[in-house]
Amino acid sequence: MEAASGLAVSGLGSFLEADDQRHQAFHERGCRASDHGLETVPSAPWADAEVSSSFDKVRAGRALEAGEALRLRSALLHRMALMDHQRGWVQQFHLGALRNNSTRMRAAAAENVGCDSMGDFEMARPLARFLDGLDRQAALPKTILYNVNPADNELFATMAGSFNDGSVPGKMQYGAAWWFLDQKDGNEAQLRTVSNMGLLSHFVGMVTDSRSFLSYPRHDYFRRLLCNLFGEDLLRGRVPDDREMLGRLIAKVCFANARDYFGLPLGTAASPHAAA
Amino acid sequence: MEAASGLAVSGLGSFLEADDQRHQAFHERGCRASDHGLETVPSAPWADAEVSSSFDKVRAGRALEAGEALRLRSALLHRMALMDHQRGWVQQFHLGALRNNSTRMRAAAAENVGCDSMGDFEMARPLARFLDGLDRQAALPKTILYNVNPADNELFATMAGSFNDGSVPGKMQYGAAWWFLDQKDGNEAQLRTVSNMGLLSHFVGMVTDSRSFLSYPRHDYFRRLLCNLFGEDLLRGRVPDDREMLGRLIAKVCFANARDYFGLPLGTAASPHAAA
Amino acid sequence: MEAASGLAVSGLGSFLEADDQRHQAFHERGCRASDHGLETVPSAPWADAEVSSSFDKVRAGRALEAGEALRLRSALLHRMALMDHQRGWVQQFHLGALRNNSTRMRAAAAENVGCDSMGDFEMARPLARFLDGLDRQAALPKTILYNVNPADNELFATMAGSFNDGSVPGKMQYGAAWWFLDQKDGNEAQLRTVSNMGLLSHFVGMVTDSRSFLSYPRHDYFRRLLCNLFGEDLLRGRVPDDREMLGRLIAKVCFANARDYFGLPLGTAASPHAAA
């Protein structure tokens, strides 16, 4: 961190300054989103003095007790969220995976070889406490919550809904189907959940995994599933047979919403249909 | 409570007497059901002496420790269930919501402004302990369990089933889809769960929210979803094409079951079909 | 145990020798699978000296503290798994039921009268720890995980997937729909989960409950649901219209996979279609 930021790190305060400098550097290069992969969100109440001292302990190579570690992680995550809010970024959370289940495979290969599963962690209270802590300071960034265990689909969608404040359309998002759930049944369940618990027309749609160029076809697959959903509803008389209106809604979910939400300089057409 | 009941409340004993007097007063005006909105059911074992003393503490404006509060709440809920049983009322539980997530909105507006979400509380053990405590005394009232997180649908339905005793048809009910779940997918899931885990023909059907007259149309919507379910099963050959039998079953779920279960003086026709 | 094994049991060591002798005796009579019905898998770290002493305590009729009991159960389950691995057995786990909810019915009738429900126990961490403990010793038996609360369907399927090692096709299985879930919706959800999270072509299929000869028809019902699933996918163009290939896959799930997985001497035809 010292090398990257050019700042000396002597404690938690200067570490956060260096972190902020890196955040700014990424911002200048066009980055508009952060992403955290966690079991559940750390959100224990902390005292500044204690977490500063915990930071020093860790730096000195000493271990923290579970409670100390949780409070330090809670403080760090809160501060990082403040940076996201300050620069208008979107904070993203990928929650619920239990990782590295097989010690043998983890030793034999590198980490992240895929011996992961869904977990069943407590989600609701920690998420509410974390988001509320930011909301109280009027510093809650745009947020996308992704879950990996489908038992939590509706919980996540309603949690996002609790903190929408009207400042940005769809400010709080229940994110696209992730990982194990990024298949036909999982995507359809996610879309139904957004539609039942929130507002599908504000959904920012599918995500591209930056590590694999092969993830682009998932956008095409997602668009087909989304169109299927409206096509089925139209055939059964559940939505009006208004192709113009439905086309605009679908184009928003597939393109315009993400452009506007992330503030990307990607053209102004609200809909390919409108342009045609 | 003293003003309403006309009784002096000097401690837990006289509070419960006053509560019982109010219960009787509502009974005389035709009330036949109670309703509790809770995260999960408080059902810790308690000692009468301790909870009496906790009641005095609260009345004196002193705070209780978490364990003390849980035991006092457990004792109170048990006693209220005994009143329901004694007068033949139905006790209802709406469980699983995490409320007032946003401190800012709670301060800005009144309470109950809608900044709530689904929670992921432990449900099974506390529910089993509470219902068992009443069942052991042969004092378990008719009971309806409503859940807000659909991950608990089947758990709730099987929990109700564990305590059916044959004394009243459908004595223990898994209740109609509630709140976030009171939409097409949620109602269909609730009906399938009742049908798979229990006995749909004993289901007492949809509920009207007393606070909003606009909730009446949900009864019409519920009836259509219920008829759709049987219509689809009939078309696919999963139920006999016996309109008389299916019509009677649907009429029971939409009207007669609730009338008989709550003991309401609402006419004697078992089915509009039978009457026609 | 002493009478059945003909061995004197003086402590945990000799108890496990007697247990191993019984395991061998069952093996000689053709048994190839064990089965454990548990709330969740006990998998606390233990020390041999402590669990030996806990065993002596129990034998002397003294009660164990909760932590001691958990560690003793963890040690016993691990040792039984080693026996399964040594003789090539399949270990099965039926997890998640909350049993004997009604004390009154349990006293009035025998145990297991059906006053059970689904529970909501922590599943992921204990399962990962238990399976990892065996995997680290290269002693993980073939394993089938059955869940009773459908909120855990996908969790169980991905947990099984975390420990597949290529040594046996479908070594780790997410098992057929069990108990409350052994109906149309439950079986279809289980099949979809296997197909989405794992490899349906390796699934060993439906199970016969040894206690009731009436459970045989469930095999027929299961086969029809499985064929329906492929029939629906074929009609909608989601799988190739290749009846030979689909027939072979279905025959594997209905017969050949189980024969090969359990090592049963039941003929060699991979598929009735191939034989025809």
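Please read all numbers here as calculations on a predicted model, not as lab measurements.

What am I meant to see in the overall build of chain A here?
Of the regular secondary structure elements, chain A holds eleven helices and six strands. Relative to the 2.2 N^0.38 estimate, which gives 19 Å for 276 residues, the radius of gyration of chain A is 21 Å and therefore close to what a compact globule would have. With 276 residues in all, chain A has 49% of them scored as buried. Considering only contacts within chain A whose residues lie at least 6 apart along the sequence, 66% involve residues at least 24 apart. For chain A, the computed accessible surface area is about 13200 Å², with 53% contributed by carbon and sulfur atoms. Of the charged side chains in chain A, 30 are positive and 33 negative, and the gap between their average positions amounts to 2 Å.

So what exactly am I meant to see when it comes to the pattern of salt bridges here?
Two side chains that carry opposite charge are able to pair once their charged atoms sit near each other. Tallying each qualifying case throughout the model produces 48 salt bridges over all chains. The partner of Arg-259 of chain B in a salt bridge is Asp-260 of chain B, with the nearest N and O atoms 2.9 Å apart. Across the salt bridge formed by Arg-218 of chain C and Asp-182 of chain C, the nearest N and O atoms sit 3.3 Å from each other. Highlighted residues: Arg-218 of chain C in helix 9 (residues 217-235) and Asp-182 of chain C in the loop between strand 6 (172-174) and helix 8 (184-197), separated in sequence by 36 residues.

Looking at this structure, I do not really get the interface of chain A and chain C. What am I missing?
Quite often, the size of an interface is put as the accessible area lost when its parts meet. With 21 residues of chain A at the interface, the matching set in chain C holds 21 residues. Taken over both partners, the interface formed by chain A and chain C buries close to 1700 Å², and the fraction arising from carbon and sulfur atoms is 51%. The interface formed by chain A and chain C includes three salt bridges. Note that Glu-39 of chain A is salt-bridged to Arg-125 of chain C, the shortest N-O span being 2.7 Å. Counting the contacts that link chain A with chain C gives ten residue pairs in polar contact (both at pLDDT 80 or more). Elements with a contribution of two residues or more to the side of chain A that touches chain C: helix 5 (103-108), strand 4 (117-118) and helix 8 (184-197) of chain A. Grouping the constituent residues of the side of chain A that touches chain C by class yields eight nonpolar, seven polar and six charged.

What should I look at first to understand the state of the cysteines in this one?
What makes a disulfide is a covalent bond joining the sulfur atoms belonging to two cysteines. Under the defined criterion, the tally for this structure stands at zero disulfides over all chains. The thiol of Cys-227 of chain B is not disulfide-bonded; the next cysteine sulfur, from Cys-254 of chain B, is found 6.2 Å away.

Quick question: what am I supposed to make of the packing of aromatic side chains here?
One pair of aromatic rings is described through two measures. These are the centre distance and the angle between the planes. All chains considered together, the criterion is met by 18 aromatic pairs over all chains. With 4.8 Å between their ring centres and 10° between their planes, Trp-179 of chain A and Phe-180 of chain A make a pair best called stacked. The partly exposed category is assigned to Trp-179 of chain A, whose relative accessible area is 31%. Geometrically, the ring pair formed by Tyr-261 of chain B and Phe-262 of chain B is edge-to-face, given 5.4 Å between the ring centres and 90° between the ring planes. This pair shows no difference in class: Tyr-261 of chain B is buried, exactly as Phe-262 of chain B is. Taking NZ or CZ as reference, Lys-142 of chain A lies 5.5 Å from the ring centre of Tyr-261 of chain A, over its face.

Quick question: what am I supposed to make of the environment of Trp-46 of chain A here?
Residues and elements named next belong to chain A. For Trp-46, the location among the structural elements is in the loop between strand 1 (33-38) and helix 3 (48-59). What makes Trp-46 partly exposed here is its relative accessible area of 30%. At 3.3 Å, the side chain of Trp-46 and the side chain of Asp-48 are in polar contact.

Which parts of the structure should I look at to understand the confidence of the model for chain A?
Regions with low pLDDT should not have their predicted coordinates read in detail. Residues and elements named next belong to chain A. When pLDDT is averaged along chain A, the result is 93; 93% of the residues meet or exceed 70. Overall, residues 271-276 carries pLDDT values under 50, and its contacts beyond four positions in sequence, including any with other chains, amount to four contacts. Both scores are given for the predicted complex: the pTM is 0.94, the ipTM 0.93.

Honestly, the relation of the copies chain C and chain B in this entry has me stumped. Any pointers?
Copy one and copy two of the chain differ by a rotation about a common axis and a shift along it. At an RMSD of 0.0 Å, chain C and chain B line up after a rotation of 120° and a shift of 0.0 Å along the axis. Such a combination of turn and shift is consistent with a three-fold rotation axis. Within chain C, Ala-151 of chain C has its C-alpha nearest the rotation axis, a separation of 3.1 Å. An overlap of only 10% is found between the interface residues of chain C and their copies at the interface of chain B, pointing to separate contact surfaces.

Even after reading the chapter, I still don't get empty space enclosed by the protein, so can you show me in this structure?
Empty space among the atoms becomes apparent when a probe as large as a water molecule is rolled across them. All names here are of chain C. Scanning the model with the defined rule gives one cavity of 30 Å³ or more in all. Of the pockets and cavities examined, the largest cavity occupies roughly 40 Å³. The wall of the largest cavity is formed by Tyr-146, Asn-147, Asn-153, Tyr-174, Gly-175, Ala-176, Ala-177, Trp-178, Leu-181, Gly-186 and Gln-190. Of all the secondary structure elements, the ones that give two or more residues to the lining of the largest cavity are strand 5 (142-147) and helix 8. Here the residues of the lining of the largest cavity sort into six nonpolar, five polar and no charged.

Is there a simple way to think about the relation of the copies chain A and chain C in this case?
With an RMSD of 0.0 Å, chain A superimposes on chain C once it is rotated by 120° and translated 0.0 Å along the axis. In this assembly the copies use different faces: only 10% of the residues contributing to the interface of chain A also contribute to that of chain C.

Any chance you could explain a nonpolar patch on the surface here in plain terms?
All names here are of chain A. A contiguous nonpolar surface patch, about 240 Å² in accessible area, is contributed by Phe-255, Leu-264 and Leu-266. With respect to the element layout, Phe-255 can be found in helix 10 (residues 243-262). By relative accessible area, Phe-255 is classed as partly exposed at 33%.

Just checking my understanding: could you explain helix 8 (residues 184-197) of chain B for this structure?
Turn by turn, an α-helix covers 3.6 residues, leaving residues three or four places apart pointing in a common direction. For helix 8 of chain B, with 14 residues, the first-to-last C-alpha span of 20 Å sits near the 20 Å given by 1.5 Å per residue. Where helix 8 of chain B is concerned, the buried positions are Gly-186, Asn-187, Glu-188, Ala-189, Gln-190, Leu-191, Thr-193, Val-194 and Met-197 of chain B. Tucked into the core, helix 8 of chain B has its buried residues touching helix 7 (153-162), strand 6 (172-174) and helix 9 (217-235) of chain B together with strand 4 (117-118) of chain C.

Before we go on, may I ask you to explain the packing of helix 3 (residues 48-59) of chain B against helix 4 (residues 66-86) of chain B in this structure?
How two helices pack is summed up by the angle between their axes together with the distance between the axes. Residues and elements named next belong to chain B. Relative to each other, helix 3 and helix 4 sit at 110°, their axes nearing to 9 Å. One finds that helix 3 runs roughly perpendicular with respect to helix 4. Across from Glu-50, Val-51, Ser-54, Phe-55, Lys-57 and Val-58 in helix 3, the residues of helix 4 making contact are Glu-68, Arg-71, Leu-72 and Ala-75.

Please clarify how the sheet that holds strand 5 of chain C should be interpreted in this entry.
Residues and elements named next belong to chain C. In spatial order, the strands read 1-2-5-6; together these four strands make up an open sheet with parallel pairing. Looking along the sheet, the strands with just one partner apiece sit at the ends: strand 1 (33-38) and strand 6. Averaged over neighbouring strand pairs, the angle between their axes works out to 15° when direction is ignored. The pairing of strand 5 with strand 6 spans three bridges and is parallel. Bridge pairing in strand 6 links Leu-145 to Tyr-174. Here helix 4 (residues 66-86) sits on the sheet and contacts strand 1 and strand 2 (90-95); the angle it forms with strand 1, its principal contact strand, is near 160°. Strands strand 2, strand 5 and strand 6 of the sheet are contacted by helix 6 (residues 124-136), whose axis makes an angle of about 170° with strand 2.

Calculation notes
- Residues numbered from 1 in each chain as written.
- Chains lettered and ligands numbered in written order.
- Predicted model: local features only at pLDDT ≥ 70, side-chain atom pairs only at ≥ 80, totals over all residues.
- Heavy atoms only, no water.
- Helix = DSSP H or I, 4+ residues; strand = E, 2+ residues; numbered from the N terminus.
- Rg over C-alpha atoms; globule rule 2.2 N^0.38 Å.
- Buried < 20%, exposed > 50% of the residue type's maximum accessible area, 1.4 Å probe, protein only.
- Contact = heavy atoms within 4.5 Å.
- Areas by Shrake-Rupley, 256 points an atom, 1.4 Å probe, with all protein chains shown as cover.
- Lys, Arg positive; Asp, Glu negative; His and termini not counted.
- Charge placed at Lys NZ, Arg CZ, Asp CG, Glu CD.
- Salt bridge = Lys/Arg side-chain N within 4 Å of Asp/Glu carboxyl O.
- Buried area = accessible area lost by both parts, 1.4 Å probe.
- Polar contact = N/O pair within 3.5 Å; in protein donor to acceptor, adjacent residues only side chain to side chain.
- Nonpolar A, V, L, I, M, F, W, Y, C, P; charged D, E, K, R; others polar.
- Disulfide = S-S within 2.5 Å.
- Phe/Tyr/Trp six-rings, centres within 6.5 Å; stacked < 30°, edge-to-face > 60°.
- Lys NZ or Arg CZ within 6 Å of the ring centre and 35° of its normal.
- pLDDT = per-residue confidence, 0-100.
- Least-squares fit on C-alpha atoms with pLDDT ≥ 70 in both.
- 1 Å grid on protein atoms, 1.4 Å probe; cavity = no way out; pocket = protein on both sides within 12 Å on 5 of 7 lines; lining within 4 Å.
- Points joined across faces, edges and corners; volume = space filled by probe spheres on them.
- Patch = residues over 30% accessible without salt bridge, like charges linked within 9 Å, V, L, I, M, F, W, Y side chains within 5 Å.
- Expected span 1.5 Å × (residues − 1).
- Axes fitted to C-alpha atoms, helices over the stretch in contact; angles between N-to-C directions.
- Parallel < 35°, antiparallel > 145°, perpendicular 65-115°, else oblique.
- Pairing = 2+ DSSP bridges.

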